[in-house]
Structure formats: structure tokens, C-alpha cells
Amino acid sequence: MKVITDQERKRRNRDWLHQLAAEEKRSLLLTRLLGVVQTLALLAQMTLLAWLVSELLMEGRALHDLALPAALLVPLILLRSLLQSLQEITGQRLGNRLRLRVRERLLKKLARLGPVRLSGDSPAGLSSQWLEQVDALQIYFARFLPQMTLAWLTPLLILVLVFYLDWVAGLFLLVSAPLIPLFMALVGWGAERLNQQHFVLLQRLSGHFLDRIRALTTLKLFGQTQAACNQVATATENYRRLNLRTLKVAFLSSAVLEFFASVAIAAVAIYVGFGLLGYLAWGPAASLTLFSGLLILLLAPEFFQPLRTLAQQYHDRAAALGAADSLVDLLERPLDSDQPDKSDSTLSTREERLSPWMLELQEVTLSYPQRGQVLGPISLTLDRGEALLITGRTGSGKSSLLHLLAGFMQPSSGRLRVEGLPAGERRLIWMHQQAFIFHGSWAENLRLAAPQANTAQMLDALQQVGLISLLDQQVDGLDSLLLEGGRNLSGGQAQRLVLARALLTPSRLLVLDEPSASLDTQATHELIHLLENLKFQGCTLVIASHDQRFLSLADRRLELTPGGCDAST
């Protein structure tokens, strides 16, 4: 894998964010235009307000004479509020769309990587990327990017008007304006690094905590619960300190930026005040009027407001870049170079019509970079409704072959087809030695692979696997809760539930990895009987097991050895 420098990583992350932004170019343009119109409405409002005060105090006009111009302030204020709301709504929708788009790409990438390539990743860490890190992108697109444009365009419009009124006051604003972007850049370098550390530490903390929860029983047996608690506490304390460092940088930077903006506004106010009082007789100060002086004072805070807003949101940019660093690493994680293009549906459909086999392997091999060839070459065909028993001692490649059949990995050479399609394109039922049952109702577990299954179909599937009597004993029926891993079921009952789930799916290919490993003799005989019924109904079975009792099911047997294999009928 190519090693890239920190500068290359930063450039890569920025380019990725810019590519995402380019996908919503029109929405970004609309958000910016709303901000520009809002600025024009602000200039009109401040100009009208300064004129009204000048007319009242300097010209001595009556209030009723200025009623109509004063009434125009109300629609201008309402227009600004409306434009601000529309800008916020447009930005939030833009951020939501891009956030969902990133999650879709992450989901597709995770699906293509498969469980084998992701076996070294912490589930909690992946969840953190899916949730917190993607959420960190929303404010960047919704607020920061539009504000980047407004941060120079709005001050520029105000500066043009101030220079027209008084060029000395304009110089005060022009000289002080670059200080804010300068400090933003200085603060941003440190904030970006802290945010990258923040997300990395959050992933580790999530995985650290989840691992301890999963191993709670083992920790209790070995008396290590207090040590595990101390480790979690230490990791949490490190995370807390990093968060406080990030907050400290944010508060200090905001204080510095506010200080320079306040000093610049105060300088303009002193200049205008002395000019109106007649203490300054040089330059344009002598021609200052209440209208021009008041308008300059009203516009001075508004000149700095977009820059101050950008400074507040600059930390959102640092958070987005920190999140992008981890997300791009995952999205650019390499796949197998020989992975088939699954978008070629025309060829796949043609091959499916031509293939009479459920499984077809031609000279299939599998190699690992550090281990060399670990499997094959294997050539065999399996018809629909047949059963294949894969045997071999530990390390011979049984699990690797099942991963190939499921599409979790791609063969290093040879041809592998499931019903004429590349492995992974056809749905199959995977039955591990530990039945996958999550904390939820019976119905939710049954609908895991068949979301559209109705009550009658679920009851019929449970009847076929012999669990209907157990369900009748549950108070809430299909709504009764099952514990994580099916802890309130026996091993055989859990395997039966998985088989019931298989019956609800349209797939007719069932892959079993050591299905009797956690079962007693009686439960194993019951499982074999159920598999015989499934086979009779047309299901194709692929069983990897050391248990010789499954030989009674097998139409074909594949004996794997580290040096090769032997297929027999």
C-alpha cells in the first residue's frame, strides 16, 4: 500500500470534500445568492434608518411626514428574516442530501469489502464513522461553505459603500479585516489536528468499551472486571482531555477574533465622533454628516459579522476535515484486483440462462499475500437440490471456501458461479455454528432476511422446523423478546429459528459452517432431519463440518487438504 505524507492526506481530504460540494453546485449557489440578497436588504435597511434619524434630528421634519419611509423598515426586516430562514433551510437540506449520499457510498463500500476484509475493524469504530463522522460533514456543507462566499462578498459590498461615504473610515475597516482570516488560519491548523485525533480516539474508545461489554462474562470469571473498568476510565479520561483542548482552542480563538473586531469598530466610532464634533479638520472628516457618520457606525459591526460567523464555523471545517480523513481511508480501501464488475447484468443474465448448475467451480484457487496459495485448485459442479459436504482438518481452507461461495472474497484464479452469476450476486442463507439472533422479537428476527414476511408465513416456517409448540408457550407470541445470541433458547432451538428464517427467503442455497459445533447428540439428529426436509423441498446444501454424521445427507463430498483437495460422489 502506498504511504502518503501528511500534506498529501490533507490535500486528498480537501479534494474529496470539494468533489462532494460539486455534486450540489446548484443548491450551494442558491444558498449563496440568498445570503447576497440578504446583504443587499441589510444595506437598504441601514441606509433608510440612518436617513430617518438624520431627517428627524438635523432637518427637523415631523414624524407624520416620515411615516411612509419608516413603514418601509418593517418589510425590509421581514424580508431579511425570510431570506435568513430560506438560507438556513436550503443549507440544511443540502447538508442532509450530501450526508445521506456519503452514507450510501459507505454502505456500498462495506458491502463490497465484506466481513472477511472488515474482520480487523471494530464494529463500534465503524458505527462511529457511520454516525458521528458523517454527521460532522453536515454543518460544513450547510453553513461553512456558503459562509465562505459571504465572508468576503458581504464585507466587500459594505466596504464599497463606506469608502463612498468616507475613505478614512473605509481604510480603518480595510486594514483590520485581514487580521481575522490570519488568526483563523493559525487556529485552523491546530484545530484540524485536534479534530483528527478526536475522531481516531472516539473510534478506539467505542471499540474499547464494546469489547469489554462483549467479554464481560470472561472478565468476571477471571476477576478482571475492575481492571477493565479502570482501562475504560483511562480511555475516557484521555478523550475528555482532548475534548477540553479542542474547546480551549475554540474559546481562545473566538476571544482573539472578538477583540480585534471590537478594536476596529471602536477606532471607527472614535473617528466618526471626533469628525462630527469638529475636532478633525483634515481629509473627509470635515464633510461628515449625521447621515453618513451614523450609517458608517451601523455598517461597521455588520462588516465584521460575516467574518466572525465564519470564524465560529471554522471549527466545523476542522471537524469535517478530521472526519474526512478516516472516511476517505475507508472509501479508498483497495479491493481484490480481479473482483468482477457486478454492473454487467446483461452478461450475468445470459450466463444464468446457460448454466444448469447451482454451483460451478473451475480451477478455483485462493492465495493470501503473506501465506501463498491456501486453497485449490478446485473444480466441481453441484446441481439444485443436492448436498455437498466439505471436510478437512483445521486450516485446510473450509471457511475460506465458504467465504468464496458467499462472495466475501474473490478467487485468485479460476471461475466461480452461483446459479450462473458471480458469487455474491445471488442471495444465500449463511448458517454459522453460532446462530445469529439479536435482541428483538421473534417476528423481527424472522424478518431479518425476509422483511415482507407476514404472520401466516412466519407461523408456517416455525411449524416446519418444529418450533410452533415453543412459540405457543410465549405470552406475546411472535412479539415475545429473544435475548442477544438467543440466550433464552437452547442451541438446537436457535439453529431451528435460523432455518425458519431461511424458509422465508426466496434463496434455495443454504451454506452451513460447523452447524453441530454447539449442539448435543439429540439436537444434531434433529438438525440433520430438518436439513433432509429442506433438501427434499429443493434446497441446495453446502455443509462444512468435521461431523461424519452429515455424510448421510451428502450427494457429494469434498475433502480439503493444505496441499489440494479430493472431490468424490
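What you are looking at is a predicted structure, and each value in this text was computed from that prediction instead of being measured.

Conventions adopted
Residues numbered from 1 in each chain as written. Predicted model: local features only at pLDDT ≥ 70, side-chain atom pairs only at ≥ 80, totals over all residues. Heavy atoms only, no water. Helix = DSSP H or I, 4+ residues; strand = E, 2+ residues; numbered from the N terminus. Buried < 20%, exposed > 50% of the residue type's maximum accessible area, 1.4 Å probe, protein only. Contact = heavy atoms within 4.5 Å. Areas by Shrake-Rupley, 256 points an atom, 1.4 Å probe, with all protein chains shown as cover. Phe/Tyr/Trp six-rings, centres within 6.5 Å; stacked < 30°, edge-to-face > 60°. Core = buried A, V, L, I, M, F, W, Y, C linked by side-chain atoms within 4.5 Å. Salt bridge = Lys/Arg side-chain N within 4 Å of Asp/Glu carboxyl O.

Novice: It is not clear to me how the overall build of the protein should be interpreted in this structure. Could you clarify?
Specialist: Each helix and strand in the protein was counted, giving 17 helices and 12 strands. The buried share among the 569 residues of the protein stands at 46%. Pairs at least 24 residues apart make up 78% of the contacts formed inside the protein by residues separated by at least 6 positions. Counting only carbon and sulfur atoms, one obtains 59% of the accessible surface of the protein, whose full area is about 29,100 Å².

Novice: In this structure, what is going on with the packing of aromatic side chains? I would like to understand it.
Specialist: Think of a pair of aromatic rings as described by two things: how far the centres are apart, and how the planes are tilted against each other in angle. According to the stated counting rule, one finds seven aromatic pairs in the structure shown. On the numbers, 5.1 Å between centres and 80 degrees between planes, the contact of Y140 with F141 is edge-to-face.

Novice: Could you clarify how one ought to interpret the nonpolar core in this entry?
Specialist: The nonpolar side chains of soluble globular proteins are, as a tendency, buried together. Core analysis: the biggest nonpolar cluster contains 44 residues, and W442, L462, L497, L499, L510 and L531 have the highest contact counts within it. Looking at this core, the element that brings in the most residues is helix α16 (residues 491–503), giving seven residues. Leave out the neighbours within four places in its chain, and L499 touches M431, V465, L510, L527, L530, L531 and L534. Within the second largest apolar cluster, 31 residues are counted, among which are V102, A136, A151 and L327.

Novice: Before we go on, may I ask you to explain the pattern of salt bridges in this structure?
Specialist: Side chains that differ in sign of charge can pair as their charged atoms come close. Counted under the stated rule, the structure contains 20 salt bridges. A salt bridge links R12 to E332, with the shortest nitrogen-to-oxygen separation between them at 3.8 Å. Taken together, the residues span a long stretch of sequence, with R12 in helix α1 (residues 6–22) and E332 in the loop between α10 (290–331) and α11 (345–354) at a distance of 320 residues. In this structure, E24 and R101 form a salt bridge, with 2.9 Å as the shortest nitrogen-oxygen distance. In this pair, E24 is assigned in the loop between α1 and α2 (25–57) and R101 in helix α4 (residues 73–117), connecting sequence segments 77 residues apart. What makes E24 buried here is its relative accessible area of 9%. Of the residues examined, R101 reaches a relative accessible area of 24% and is grouped as partly exposed. Linked by salt bridges that have partners in common, R9, R12, D325, D329 and E332 make up one network.

The analysis is restricted to geometry; functional conclusions fall outside its scope.
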